[in-house]
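# Survey of secondary and tertiary structure
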Amino acid sequence: MGDNRLPLRLETALHGALAEDFRYSVSANTWKAYQADLSDFDQWCTSKRRTWSTPDTVSTYFRDLEMAGAAYSTIERRKTAIAKLCEIESLLGGRLEEDPTKHPKVTVTLKAIRRRLGTDARQAAPLTADRLIQVLLSIDADSLAGQRDIAMLLVGFYGAFRRSELAGMRRQ
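To keep things clear, this report deals only with the structure shown in the data block. (Residues numbered from 1 in each chain as written. Predicted model: local features only at pLDDT ≥ 70, side-chain atom pairs only at ≥ 80, totals over all residues. Heavy atoms only, no water.)

## With respect to the side chain of Thr60
The condition is simple: Each helix is a run of H or I in the DSSP string that is no shorter than four residues. Each strand is a run of E no shorter than two, and both are numbered from the N terminus. What makes two residues a contact is simply this: any of their non-hydrogen atoms within 4.5 Å.
Locating Thr60 in the fold gives a position in helix α4 (residues 55–67). In contact with Thr60, other than residues within four places in its own chain, are Trp44 and Arg50.

Spelled out as structure tokens, the structure:
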């Protein structure tokens, strides 16, 4: 198991001069995703005894993710996390010669994986007004939970909120 050096590097960089810019360049959840992705990459590098910053390592990692059954969107997100670490390393005067995610070996590997896996996202059918009415009529409006559900559905539909935004609502 890795010692999580790469996510720690990301966090350590945030305490430098560019900390505020990096913090606000992405959302808090995106930053957490970067840390999780870098943790996985770090553990993989440690188990394979590889240096993280070489194109050969990055392309092999992506192929291993593909073989393990990862979706292309997951592989692309991991690439973005590695690229963000490279960006931070170079801006803070690190000794990184080039971003390995931009190397031709890595870009060709990603193109091949994309062709093999495809990139179709499973998209849910939209909730139309007619379907919303059907859903609302099926809810027991006499119970407190039913009233809450009706209210949340109406607020979510009217405000066009994402599921995560609805889930984040709290009563004050």
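## Focus on the nonpolar core
Heads up, the rule is: In these notes, a set of buried Ala, Val, Leu, Ile, Met, Phe, Trp, Tyr and Cys residues joined through side-chain atoms within 4.5 Å is what counts as a nonpolar core. When accessible area is computed with a 1.4 Å probe and restricted to protein chains, residues below 20% of their type maximum are described as buried, those above 50% as exposed, and intermediate ones as partly exposed.
Phe41, Tyr61, Phe62, Ile75 and Ile82 are the most contacted members of the largest nonpolar core, which has 24 residues in total. Elements with a minimum of two residues in this core: α3 (28–48), α4, α5 (72–91) and α6 (104–117). It is α5 that provides the largest number of residues to this core, a total of 7 residues. Ile82 has contacts with Leu38, Phe41, Val58, Tyr61, Phe62 and Thr101, leaving out every residue within four places of it along the chain.

## Points about helix α8 (residues 144–159)
Just so we agree on the cut-off: Multiplying 1.5 Å by the residue count of a helix minus one yields the expected span of that helix. Think of it as the arc spanned by the lines of direction from the helix axis to the C-beta atoms.
For α8, built from 16 residues, the straight-helix expectation of 22 Å at 1.5 Å per residue is met to within 8% by its first-to-last C-alpha distance of 22 Å. Gly146, Ile150 and Gly156 are the residues of α8 that are buried. Projection of α8 onto a plane perpendicular to its axis shows the buried side chains occupying an angular sector of 140°, all on one side. Along α8, the residues that are exposed and aim more than 90 degrees away from the buried face are Leu144 and Tyr158. Where α8 is buried, its residues meet α7 (129–138) and α9 (163–167).

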